[in-house]
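The primary structure of each chain is shown beneath.
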Amino acid sequence: MPERNTESAPVPSPHLPKVWETGETLDQSPIPGTRRLWLAGALLLAVLASTVTTVALLDEDKRTSAKDRTENTSAQDEPLLVAPPVAATAPSGKSGLAAASPSVSAQDGSASPAEQRGGADPVPKPSSSKSTPASGGKPPAAKPSSARKSVQSVNYPDRHWRVDHDSVRLDRVDAHGSSRTGQEASFRLVPGLADADCVSFSLGNGRYLRHAQFRLRADRRDGSELFEKDATFCPRPSAFSGAVMLESVNYRGRFLRHRDFRLRLDPYENSRLYQADSAFRLVKGLG
């Protein structure tokens, strides 16, 4: 009878063997995908930081731009005329033409390029007197008379109205020049043909200054109602001392002003240039 093997089989342990029991080492390799997760996290943080910085910069720029706009608007809103203020509407009220001192002696030579723009040069500062469109004051009244007068520009005091081939220009006229030239720059102020409270400019021999197609010219009186209205102008207060603006009796809101040294009837404008170009003084006749 064969001998029975008395050695018993090892009993399996209910616990897994420990590392130090097996002599094996732990796997130190990283879990697949770990590096990508770290990179994604770093990228997310960078994006967040960039977004916060951009928002802060935009907010600061917005506040700065708003401040700049406010300052620039304040600077641009300054009135053209500081003293006296210019009325927002056309000047109104009854007023007579104002007499002034004799005109400045004319200068020889042709007009400069700047002058040929008809009022582009700096204009004199308006007087601070109360005779302004804004205050509704009246300049000293001068009744129409038989004495011949000349009409002087405020911003070109060496230039006067002068009839040139039936049209009216703003020219340099020498008070000591030829009598013909002086007569062309002198007129007799008479009660308005269409309104006695206004004025008309007579050249004699039945000729008067009148507007036609909004340009001032000299024509012979034809007895029509249209001519009488075209030849009647109502003096209004000006922003300049001793000067007036001349409003058409049949085109209210249009005033005589010079442009390119031609006299024309233009709608009222609330601007410094218009105020100066439409301001005139009545001075001693040149002829």
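Residues numbered from 1 in each chain as written. Predicted model: local features only at pLDDT ≥ 70, side-chain atom pairs only at ≥ 80, totals over all residues. Heavy atoms only, no water.

1. Some points on the side chain of Thr-232
Assignment of secondary structure puts Thr-232 in the loop between helix 4 (225–230) and strand 8 (233–237). Note on Thr-232: relative accessible area 0%, which makes it buried. (Helix = DSSP H or I, 4+ residues; strand = E, 2+ residues; numbered from the N terminus. Buried < 20%, exposed > 50% of the residue type's maximum accessible area, 1.4 Å probe, protein only.)

2. Overview of the packing of aromatic side chains
Overall, the coordinates contain nine aromatic pairs when judged by the stated rule. For the pair Phe-214 and Tyr-251, a centre-to-centre distance of 5.1 Å together with 75° between the ring planes defines the contact as edge-to-face. With a gap of 37 residues between them, Phe-214 in the loop between strand 6 (207–212) and strand 7 (215–220) and Tyr-251 in the loop between strand 9 (244–248) and strand 10 (254–259) connect regions that are remote in the sequence. Directly above the ring of Phe-261 sits Arg-159, whose terminal nitrogen or CZ lies 4.0 Å from the centroid. Between Arg-254 and the ring centre of Phe-214, over which it is positioned, the NZ or CZ distance is 4.0 Å. (Phe/Tyr/Trp six-rings, centres within 6.5 Å; stacked < 30°, edge-to-face > 60°. Lys NZ or Arg CZ within 6 Å of the ring centre and 35° of its normal.)

3. Observations regarding the pattern of salt bridges
Side chains carrying opposite charge are able to pair once their charged atoms draw close together. Across all of its chains, the model carries 16 salt bridges by this definition. Linking Arg-217 and Asp-219 is a salt bridge whose minimum nitrogen-to-oxygen distance equals 3.1 Å. Salt-bridge contacts for Arg-257 lead to Asp-277; the nearest nitrogen and oxygen are separated by 2.9 Å. Separated by 20 residues along the polypeptide, Arg-257 in strand 10 and Asp-277 in helix 5 (residues 272–277) bring together distant segments of the chain. (Salt bridge = Lys/Arg side-chain N within 4 Å of Asp/Glu carboxyl O.)

4. Considering the environment of Asp-166
On the secondary structure map, Asp-166 appears in the loop between strand 2 (159–164) and strand 3 (167–172). For Asp-166, a relative accessible area of 33% corresponds to the partly exposed category. Taking C-alpha positions, Asp-166 is 8.9 Å from Leu-209, a pair spaced 43 residues apart along the chain. In this view, Asp-166 contacts Arg-207, Arg-217 and Ala-218; residues no more than four positions away in its chain are not counted. Side-chain polar atoms of Asp-166 contact the side chain of Arg-207, separated by 3.0 Å. (Contact = heavy atoms within 4.5 Å. Polar contact = N/O pair within 3.5 Å; in protein donor to acceptor, adjacent residues only side chain to side chain.)

5. Some remarks on the side chain of Ser-278
Within the secondary structure, Ser-278 sits in the loop between helix 5 and strand 12 (280–284). Among the polar contacts listed, one links the side chain of Ser-278 to the backbone oxygen of Tyr-274, at a separation of 2.7 Å. In contact with Ser-278, not counting residues within four places along its chain, are Val-244, Met-245, Leu-256 and Arg-257.

6. With respect to the pairing of strand 6
Alignment of strand 5 (residues 199–204) against strand 6, held across two bridges, turns out to be antiparallel. Of the residues in strand 6, the one forming a bridge with Ser-202 is Tyr-208. Taking the residues that link successive antiparallel strands as the turn, the strand 5-strand 6 hairpin has two residues, and the phi of Asn-205 there is positive, at about 55°. When strand 6 meets strand 7, the two strands line up antiparallel, connected through six bridges. From the neighbouring strand, Tyr-208 faces strand 7, where its bridge partner is Asp-219. Counted along the chain from strand 6 to the antiparallel partner strand 7, the turn is two residues long, and its residue Gln-213 has a positive phi close to 55°. (Pairing = 2+ DSSP bridges.)

7. Topic: the state of the cysteines
One pass over the full model with this rule turns up one disulfide. Linked covalently through their sulfurs, Cys-198 and Cys-234 form a disulfide whose S-S length is 1.9 Å. On the sign convention where negative means left-handed, the S-S torsion of about 80° between Cys-198 and Cys-234 marks this disulfide as right-handed. Of the two residues, Cys-198 sits in the loop between strand 4 (187–191) and strand 5 while Cys-234 sits in strand 8, which places them 36 residues apart along the sequence. The residues Cys-198 and Cys-234 share a single accessibility class, namely buried. (Disulfide = S-S within 2.5 Å.)

8. Describing the nonpolar core
If you look at the biggest cluster of nonpolar residues, it comprises 23 residues, and the most contacted ones within it are Trp-161, Phe-187, Phe-201, Leu-209 and Leu-216. Contributing elements (two or more residues each) for this core: strand 2, strand 3, strand 4, strand 5, strand 7, strand 9, strand 11 (262–267) and strand 12. Considering every element that reaches this core, the biggest residue donor is strand 5, with three residues. In this structure, Ala-239, Ala-243, Ala-276 and Ala-279 belong to the second largest nonpolar core, which totals six residues. (Core = buried A, V, L, I, M, F, W, Y, C linked by side-chain atoms within 4.5 Å.)

9. Examining the environment of Ala-231
One can find Ala-231 in the loop between helix 4 and strand 8. Sequence separation between Ala-231 and His-211 is 20 residues, and the spatial gap between their C-alpha atoms is 6.6 Å. Excluding anything up to four places from it in sequence, Ala-231 contacts Leu-193, Val-199, Ser-200, Tyr-208, Leu-209 and Arg-210.

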